[in-house]
Every structure is written in structure tokens, then in C-alpha cells.
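Residues per chain, in single letters:
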Amino acid sequence: MPLRGFFRVLTPSIKQSVPEVLFERVKSTPGVVWLKWKEPSGAIRSMTFAEGRQAVDTVTCGLMSLGTKIQDRIGILSKNRPEWFLADLGAVHVGAITVPIYDTLAPAQVRHIVNHSEMRLVFVSTPELLAPLLAMKAELPKLERVILFEGEPPHDPPLAVSTWTDLLAIGEAYKGKEPEAFEKRWREIRRDDLLTIVYTSGTMGEPKGVMLTQGNILSQIETLPRVVAINVGNVAVSYLPLA
């Protein structure tokens, strides 16, 4: 496996949204390591809670600069990697609905998920995963833009393709013009808002979307510490696909 993430576990009280959980955690433990991963070179890198939230701020502002609206559908088609995690939280903070896609799905299944969810934007890890999407763009009427985690966009693509570096750059520029936008946007999110649509594997027909709200995810965050002893500094290994 090219990448393995290690995530520090949160233990917050009842909140209105996942962004509020992160906000409270960063206030309490800004310097604690939140995420560790192994680079292809073998080097181990890490990110603290404060650094992670700053990165999420930049991603969120980049998405706002691109015109992302509350409850827009944003896909992630990628293997596990730090950008997956940051893209997901950026989408959550902007108030969008994350739609994870297994990177091993057949193109027909990817097409179904993109169209059924009415996805407007999708994060894609590599040019190899991007190619099938571009090849069937005529069958994806709602999809407007791709953000590529690594590699360069192809020449003259049938839809807008930006790099992860591009997104971070426009996010930083947007923060300079609208310094309060990030805080204002996530504070509008409520517990009943839809957070993600998780699609089934499709082994018994077309993949089916399971809609989960902020409250559904928060209930897990709130309940787990009651049954499992979790403390700041514990390490959880992310091994299964984030999708």
C-alpha cells in the first residue's frame, strides 16, 4: 500500500456539526499531532491539529472561490492519502455533500454514482484515474470540474481540470480577500444537514446511495468514547479505504 494514515482520535462533547468538533479540538490541543503518513520516498510526515485546520481552511476557501454552494455534491475518487482527508473536510466545512468513490470501480459504476448524486466537482488522485472520467464526459452532464491531486491536467480536456496546487493557491488568495468567509460558512452548518452520500458496492445491482447527516456522524463521535477508552495521544491506523 503506497500510503498509510495515522489519525489522532477526537473526544468532543455534543456539537452542531463536524466542523465545530474540529474547531473545539484545535482550541484544546493545537500542537498535538493529528495526522501522520508515509511518502512514496519512505519519509514520514506529520501534521498537527492546528496545521491541519489551517489546511482545511485553505481548501474550503478554494472551493468557495470556485463557486461551491451549500449542499453541492463533491466526489473523491482516490486511494488513501492526506489530500483525501483534507479534501473531505474542506467539502464538509463549505457545507457540501461528500460522495466517496472507490478507485477500483468499473467506469459504468463511477458514471452511475456521479450522475445519480448530481455531482458538480470531483477530486481525483492521478491522471490514470482521470482518463476514464474524461472519456465519458458526454455522459456526465452535471459534472463541471476535476481537482487532480497529483500530475498535470491533459491538453484541452472536455471539462475544467485544476491541480491540488491550483486549489490551494486560489484558496490562499480568497482568504486574503475574504478573511472571515471560512468561519462564517462552517458556522451556518446544522446537525440535520446532509454530510455525505455513501454508495454501496453494487454487487446486487446499481450502487445505492446512503444519506448520512452531520448528526449521524456526530452520534458516532459522541458515542464511541463511552464504550472505548480514547485519550488524546492515542493513535488509530487508517488501513481500509477511506471511500
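Here we summarise the structure given alongside this text.

Analysis parameters
Residues numbered from 1 in each chain as written. Predicted model: local features only at pLDDT ≥ 70, side-chain atom pairs only at ≥ 80, totals over all residues. Heavy atoms only, no water. Helix = DSSP H or I, 4+ residues; strand = E, 2+ residues; numbered from the N terminus. Expected span 1.5 Å × (residues − 1). Buried < 20%, exposed > 50% of the residue type's maximum accessible area, 1.4 Å probe, protein only. 1 Å grid on protein atoms, 1.4 Å probe; cavity = no way out; pocket = protein on both sides within 12 Å on 5 of 7 lines; lining within 4 Å. Points joined across faces, edges and corners; volume = space filled by probe spheres on them. Nonpolar A, V, L, I, M, F, W, Y, C, P; charged D, E, K, R; others polar. Polar contact = N/O pair within 3.5 Å; in protein donor to acceptor, adjacent residues only side chain to side chain. Contact = heavy atoms within 4.5 Å. Phe/Tyr/Trp six-rings, centres within 6.5 Å; stacked < 30°, edge-to-face > 60°. Lys NZ or Arg CZ within 6 Å of the ring centre and 35° of its normal.

**A few points about helix α2 (residues 49–65)**
Next, step 1: Over its 17 residues, α2 runs 24 Å from end to end, which matches the ideal 24 Å to within 8%, given 1.5 Å per residue.
Next, step 2: Counting buried positions along α2 gives 13 out of 17 residues, so the element sits mostly inside the fold.
Next, step 3: Remark: Gly67 follows α2 within two positions and exhibits a positive phi of approximately 90°.

**Comments concerning empty space enclosed by the protein**
Next, step 1: Under the defined criterion, the tally for this structure stands at 3 cavities of 30 Å³ or more.
Next, step 2: Volume-wise, the second largest cavity comes out at about 60 Å³.
Next, step 3: As for the second largest cavity, its lining consists of Pro100, Ile101, Tyr102, Leu105, Ile113, Val198, Tyr199, Thr200, Ser201 and Ala243.
Next, step 4: For the lining of the second largest cavity, the elements supplying multiple residues, two or more each, are β5 (97–101) and β9 (194–199).
Next, step 5: Residue classes in the lining of the second largest cavity are distributed as 8 nonpolar, 2 polar and no charged.

**Structural notes on the side chain of Glu83**
Next, step 1: Structurally, the position occupied by Glu83 is in helix α3 (residues 82–93).
Next, step 2: Residue class for Glu83 comes out buried when judged on its relative accessible area of 17%.
Next, step 3: In terms of polar contacts, Glu83 uses its side chain to reach the side chain of Arg81, at 2.9 Å.
Next, step 4: Filtering out sequence-adjacent residues up to four positions away, Glu83 remains in contact with Phe149 and Trp164.

**Describing unusual backbone geometry**
Next, step 1: In this model, Gln71 sits at a positive phi of 75°, which is unusual for a non-glycine residue.
Next, step 2: Tracing the backbone shows Gln71 in the loop between α2 and β4 (73–77).
Next, step 3: The phi torsion at Asp156 lies on the positive side, around 55°, for a residue other than glycine.
Next, step 4: Position of Asp156 relative to the elements: it lies in the loop between β7 (145–148) and β8 (160–163).
Next, step 5: The exposure class of Asp156 is exposed, given its relative accessible area of 66%.

**Thoughts on the packing of aromatic side chains**
Next, step 1: Applying the stated rule across the entire model yields 6 aromatic pairs.
Next, step 2: A connected cluster of aromatic rings, assembled from ring pairs, spans Trp34, Phe49 and Phe85.
Next, step 3: A cation over a ring is seen here: Arg187 above Phe23, with NZ or CZ 4.9 Å from the ring centre.

**Some details on the side chain of Thr98**
Next, step 1: For Thr98, the position within the fold is in strand β5.
Next, step 2: A relative accessible area of 1% places Thr98 in the buried class.
Next, step 3: Side-chain polar atoms of Thr98 contact the side chain of Asp88, separated by 3.0 Å.
Next, step 4: Apart from the residues lying within four places of it in its own chain, the contact partners of Thr98 are Ile74, Ile76, Asp88, Ala91, Val92, Leu195, Thr196 and Ile197.

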